Structure formats: structure tokens, C-alpha cells
Protein chains: 2
Amino acid sequence: MKKLINGIDMVLGESLGGLSVAHADILHVDEAFRFVRRREIVPGKVALVSGGGSGHEPLHAGFVGRGMLDAACPGQVFTSPTPDQIAAAVEAVGGAAGTLLIVKNYEGDLMNFEMAAEIVAGPVTTIIVDDDVAVESSAHSTGRRGVAGTLVVERIVGAAAEEGRGLAALATLGRSINGRTRSMGVALSSCTVPAAGRPTFTLAADEMEMGVGIHGEPGRRRVPLASADAIAAELMGAILGDLAPPAGTPCLLVVNGFGGTPLMELYVMANSAARLLTGRGLPVARCLVGSFVTSLEMAGASLTVTALDDEAMALWDAPVRTAALRWGC
Amino acid sequence: MKKLINGIDMVLGESLGGLSVAHADILHVDEAFRFVRRREIVPGKVALVSGGGSGHEPLHAGFVGRGMLDAACPGQVFTSPTPDQIAAAVEAVGGAAGTLLIVKNYEGDLMNFEMAAEIVAGPVTTIIVDDDVAVESSAHSTGRRGVAGTLVVERIVGAAAEEGRGLAALATLGRSINGRTRSMGVALSSCTVPAAGRPTFTLAADEMEMGVGIHGEPGRRRVPLASADAIAAELMGAILGDLAPPAGTPCLLVVNGFGGTPLMELYVMANSAARLLTGRGLPVARCLVGSFVTSLEMAGASLTVTALDDEAMALWDAPVRTAALRWGC
């Protein structure tokens, strides 16, 4: 295992230490590493809290800040944060306006966020993100997995929370954005979880895992390596087949790297994916390309499409100031 | 070779196609792929033009936009752009105020930018970036190589150009920033150039290349894999030994991934590097962490330190709006 680390037990704390050094103007890291919170709490605003296993950076801590999350709880690598962590985060940032928990659809996350919601004071509502069309259920989830669409939900609901909307309205909006978002990914290599010390799975030199999950979980099937155009066509076919947006719907396209794929290849994928969308009469109204919801150093990428409307587009464009996404301020 | 591409000859054009789709609000890609230019030309401003081989994305095209470059010329992977490309870029964005060429210190780049400077009309000045302390000369350079410090020069000089400063003053500033900037990197794996089809070099499972270049050129020596703290200590020792900033100097720390290293590890390195700086009485006044000057999918990272002053800090903080760096607007 070749990694830039000091020891398996120190990875999480030291990476949060680095995050704190680099972004002290945006966020504050709890001393016990239970959560990362926005530096300045906005009184009266509904708090947005998310989290999950680490290893998907910049998700979620890199999305803490103005116009996105108020706090994120990092578990150990690919391990859910504990209910205590989540409760501490809610207590640190939540107020009378309430807290919206944004949870990716994995059984461990659901259970721990649920337990946290039961022990904290004040109103709490949970929304679940399940945008991955690859498989209907998996080793880690009942129903579809939550993947890169999570950042779309966090961004758009985060912008709406900044406007002062109430808890119920934000939950409705978040569920609506999740309902209009679909993703699917492909892996060209496995990642290695530090505590495991060896690759999660193995692929032959000419194989890829179509529909892979962000923990290296199996997807639909293992197939021979194909061209960017062919891969984009399969991913986009599955996404649009399920989402079925009417022609003319303005779309947000996210081309997300899993950690080990260079930006040059992600832009090749963006080129292929955008051509497929416009070929179906779907304008690419917004596009985000980069490694945002990763699986450590896994090579591969996912596509995400969100069917936008004027409101969602305006919220996407609103100012955001986080470690990983920043514009307008 | 496992890559998300359609064919070796199409990588560059299709990745620029994706860049164009994703960032049409910021930049414009020349139809013949000779250059990427800022969407809106600012009359009367000195134009900043850079470029070099592709494969280092987001450098340089990802740094085109307000507060940074006016144009970037992408060569084929790890291959200098041609004089014709560079001349076309200068003609597209340069005006009576003149053009500043920002060139990384590699022989091919120097020669081609020099030839371009001779054939274009209007005043042109060249500054050379040579921040890599790893080796005094290399297979590709006479004198030190230009690496991640390039983005620091492009950012700070770009902000100054936006203020309306003249060509001579910008060249002086750029040389000063280069003179206050040092970098060094380490590779844990090689990358594979698409046209070569196999890794540029090979490392054993427990080896790393200390002082590696951004094309996989050899560094100082091949050593056993070490901890993040030990790696940071060697890199920072070489950087600070050469830069020798007086205690109390506010520093910019850039922790740059080479493309295949996850963000989590880069933040671990940031944590180690920041501790070393503060331990020497050098405050980390600004910090940038991410994969900005890459070597395709190479695993590894580099550290860059720039000794700041009030002016450089204010210019670093000024609004920038590019595909890869964006804040304040």
C-alpha cells in the first residue's frame, strides 16, 4: 500500500488538521474530530448537516460553508459517523429554525443519522439521497445508493437555506432535487482502504466495473474496457432512461472523478456526455467537472444529470464559499 | 493502458471540447485548438499568455480567466506548443499594452515561446519560472525546472495585470515572485503518456522517486517509501534551505497533487507541511491544497512555498475567475 500517510489510525485526524490549516477562513474542525462546521453560524437559519464515511473527499467536509452545509460529520474511511458525532454537530450548528439532515442511502448512515435525530433537541428533518441508477439494491443499501448527486442536493438546498427558507420547504426542495437527479459510474481500478491494506477488488488489465459504487461495491457487470464515447453512452443511457426528462429540459451535468483519474480524461468524458445530452435535445445549462465524490484513489468516473428549472438554476448559481466549491463570493 | 479516452490522437481536442462545454462563461477554445483564451478581452490591459505540454491539467488552460491568464497554449501531452500556436494566442489577446509570456523552464518551451515572440507584432516580454529545487538541471531543462510555482506566478501577476499595471512592472513582479518561490515533489507511481502506452518509469512496491519532475523525469534519488511527515520534512528542508526566508515571513503553502493522489492524502501532507513551517517561525498565511499542476495520473505530491509580503498577499486574494481557481467573484 503506497499512501502519503503517517499511520492508518492517524489518517482521518491529520487530514482534518490539514483541512483546518488550509481553510480556517471558511470552517472550523471540532477538536475531537466529531464534525467540521461552518466558521460563522448564521442565527435563525435552518442548519444543514450531512456526513458519512471518509474517503470520498471533498464530500462532505469540503462542502461546509456559506451556501452549502453548516456541518459535516466524517466517519472513518468508508464507515458511517456515529450517532454521537452527528448529535454533536446538530447541537453545534442547529437552532430553533431546525436542522435538515442530508443522508446518502446506505444502511449504516441511515441508522446512525436516525439515532442522532432521536437524541437531539429541536426540530430535525431527514432527506435521503439515492441517485445511483446502477443497481436497485446493494451490499450496503436497500434501494439505490446515494452518490455524486449528493453534492447537487447539498448545493441547491444550501443556497435555499441561505435565503432563509423554512425546514419543511427545504425538505420538500431537497426531495424534489433528489427526484430529478440520476447518476452512474464506472471504475477502471480499485482503491485501497488504509485499514485493509490491499485493493478492495481486482480488475484485469482490460476490464472495468460498470455501475460501480463509491466504496468499490459491484455494479451491473464487469466488461471489457471501452472508449470514452461508449462508456458515456452506457452511463447516459441508464441515467436518461430512468430520468426521462422531456426534450428541452435544461440539465446540470456533473462529470465526477473517483480520485485516480486525471482531469484531462474527465474533460474527455464531459465532451462525450454533453454531446449525448444535446443529441437528445437536452441543453447542458450547467456543467461541473472534477473529483468531488471520490473513492480514495480509484480510477474511473461517474456522470450525474439533474433536470433543472429556473428556480434550481438560480439556486445553483447563488454564491457558495466552501473548500471545494466556490463562486460568486 | 486504462484511460477514459476515444483514441490517442483525439485526447487533446476532446478534452478541450469538454473544457469549452463546462466553462463557456469563462473561456473560449480556438477552433483549431491552438489556444484557449479568456472569453472577454479587456482593452488596454497587458495580456498574459502561458502554455506548455498538456497532461498537467488544470495548468494552464484551467487558469485562463479574470485575474489570471488571458490565453494558454496547450501542446500535445508533455510536448511544447508550437511557435505558431503561441503567436496565434498573442495575436488573439495581445494589444498595444503588450504581452507577458510566462514560460516554465524547459528547453522546448523556451525555444518555441522565443520563436513566437520574434514573429508577433507589438511589445512582448518573457518571464521564466524555475521553482523546482530538486535538481539543478535535467533531461528537459538547463537550470531548474518550472513546476507548481507557475500557478503562483500566474495568479499574482494576473491579479496585478487586472489592476492595469504596465508590461515592465509586471515582468519585474513576476520575476520577483518566481525568485521567492520554491517547490519539490515526490512520486509514488508513474503516469502513462497515451502515445507511449506504457508507464514512463517503474517503481518497486516500496519505492518512491524523491524530487520527481512533472513529466516523470528523475529527481534526486529513489528511496524506500516513507511516512508523510518524513517526506514533508525532506521536501520542506530542501525548499527552505534554498529559499531561506527570515523567521516571521508570511508564507503561501501549496500542496499540489500529481493527479493520482486522493485529496485526503494531500490534506495529510498539508498538515505535516504546515507544522514544519510554523515550527520554523514561518506563519502559513495562505494555503492551497489540490491537484493543480499534475502529471496525468501519477501518484504523489509536491510542496511549494512562496515568501509573501503585503502586496503579494493582496494580489493572491484579489478576485479570480477561472475553471480551476475561483474566488472573490
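Residues numbered from 1 in each chain as written. Chains lettered and ligands numbered in written order. Predicted model: local features only at pLDDT ≥ 70, side-chain atom pairs only at ≥ 80, totals over all residues. Heavy atoms only, no water.

What follows concerns the pattern of salt bridges. Residue and element names in this part refer to chain A. All told, the structure shown has 40 salt bridges over all chains when counted by the stated rule. A salt bridge links Arg-34 to Asp-30, with the nearest nitrogen and oxygen atoms 3.0 Å apart. According to the relative accessible area criterion, Asp-30 is buried, its value standing at 4%. The salt bridge involving Arg-165 is made with Glu-163; its shortest N-O contact spans 3.1 Å. Take Arg-165: its relative accessible area is 24%, and that puts it in the partly exposed class. Three or more residues joined by partner-sharing salt bridges are found here, namely Arg-38, Lys-45, Asp-70 and Glu-162. (Salt bridge = Lys/Arg side-chain N within 4 Å of Asp/Glu carboxyl O. Buried < 20%, exposed > 50% of the residue type's maximum accessible area, 1.4 Å probe, protein only.)

In this section: empty space enclosed by the protein. All names here are of chain B. Inspection of the entire model under this criterion finds 5 cavities of 30 Å³ or more. Estimates place the volume of the largest cavity at around 140 Å³. Around the largest cavity, the lining is made up of 18 residues, and of these Leu-16, Glu-57, Leu-59, Ala-61 and Pro-74 lie nearest the centre. Looking at the lining of the largest cavity, the elements that each hand over two or more residues are helix H1 (11-22), strand S3 (47-54) and strand S4 (71-77). Residue composition of the lining of the largest cavity, by class: 10 nonpolar, 7 polar and 1 charged. (1 Å grid on protein atoms, 1.4 Å probe; cavity = no way out; pocket = protein on both sides within 12 Å on 5 of 7 lines; lining within 4 Å. Points joined across faces, edges and corners; volume = space filled by probe spheres on them. Helix = DSSP H or I, 4+ residues; strand = E, 2+ residues; numbered from the N terminus. Nonpolar A, V, L, I, M, F, W, Y, C, P; charged D, E, K, R; others polar.)

All right, on to the interface of chain B and chain A then. Chain B puts 60 residues into the contact, and the matching count from chain A is 60 residues. Carbon and sulfur atoms supply 66% of the area buried between chain B and chain A, which totals about 4,500 Å² over both sides. The largest share of the area that chain B buries against chain A comes from Lys-2, Leu-4 and Met-264 of chain B, three residues that together contribute 21% of it. Our count for the contact surface shared by chain B and chain A stands at 2 salt bridges. Residue Lys-3 of chain B pairs with Glu-265 of chain A through a salt bridge whose shortest N-O separation is 3.9 Å. At the boundary of chain B with chain A, the tally comes to 20 residue pairs in polar contact (both at pLDDT 80 or more). Counting only elements with at least two residues in the side of chain B that touches chain A, the list comes to H1, helix H6 (228-243), helix H7 (263-279), strand S11 (284-290), strand S12 (300-307) and strand S14 (326-327) of chain B. (Contact = heavy atoms within 4.5 Å. Buried area = accessible area lost by both parts, 1.4 Å probe. Polar contact = N/O pair within 3.5 Å; in protein donor to acceptor, adjacent residues only side chain to side chain.)

Let's shift gears to the sheet that holds strand S6 (residues 124-129) of chain B. Residues and elements named next belong to chain B. Sheet architecture is open: 6 strands sit in the order S1-S2-S4-S3-S5-S6, paired in mixed fashion. Sheet topology places strand S1 (27-29) and S6 at the edges, where each strand pairs with a single neighbour. Within the sheet, the average angular offset between the axes of one strand and its neighbour, ignoring direction, is 20°. In the sheet, strand S5 (residues 99-104) pairs with S6 via 6 bridges, with the strands oriented parallel. Bridge pairing in S6 links Leu-100 to Thr-125. This element, helix H3 (residues 107-119), spans S3, S5 and S6 of the sheet and lies at about 165° to S5. (Pairing = 2+ DSSP bridges. Axes fitted to C-alpha atoms, helices over the stretch in contact; angles between N-to-C directions.)

Another point: the sheet that holds strand S6 (residues 124-129) of chain A. Residues and elements named next belong to chain A. Taken together, 6 strands build an open sheet; the order of strands is S1-S2-S4-S3-S5-S6 and the sheet is mixed. The sheet is open, and its two borders are formed by strand S1 (27-29) and S6, each paired with just one other strand. Taking each pair of neighbouring strands and ignoring which way they run, the sheet shows an average axis angle of 20°. Judged from the 3 bridges that link them, S1 and strand S2 (residues 36-38) form a sheet pairing that is antiparallel. Along S2, the bridge assignment pairs Leu-27 with Arg-38. The sheet contacts of helix H3 (residues 107-119) involve strand S3 (47-54), strand S5 (99-104) and S6, and relative to S5 the element is tilted by about 165°.

Residue and element names in this part refer to chain B. In total, this model carries 2 aromatic pairs over all chains according to the counting rule given. Measuring from ring centre to ring centre gives 5.5 Å for Trp-316 and Trp-327, while their planes differ by 50°; the resulting arrangement is tilted. Note that Trp-316 is positioned in helix H8 (residues 310-317) and Trp-327 in strand S14, a separation of 11 residues in sequence. Assigned by exposure class, Trp-316 and Trp-327 land together as buried. (Phe/Tyr/Trp six-rings, centres within 6.5 Å; stacked < 30°, edge-to-face > 60°.)

Here helix H4 (residues 149-162) of chain A is 14 residues long and its end C-alpha atoms lie 20 Å apart, about the 20 Å a rise of 1.5 Å per residue gives. Looking one or two residues beyond H4 of chain A, the residue adopting positive phi is Gly-164 of chain A, at roughly 95°. (Expected span 1.5 Å × (residues − 1).)

All names here are of chain A. In terms of domains, chain A is made up of domain 1 (8-179) and domain 2 (182-313). Spacing between the C-alpha centres of domain 1 and domain 2 amounts to 22 Å. Across the contact, 31 residues belong to domain 1 and 36 residues belong to domain 2. Contact between domain 1 and domain 2 buries roughly 2,600 Å² in total, counting both sides, with carbon and sulfur atoms accounting for 65%. Where domain 1 touches domain 2, the interface holds 3 salt bridges. In this structure, Glu-217 engages Arg-145 in a salt bridge whose closest nitrogen and oxygen atoms are separated by 4.0 Å. (Domains from an automatic or database assignment.)

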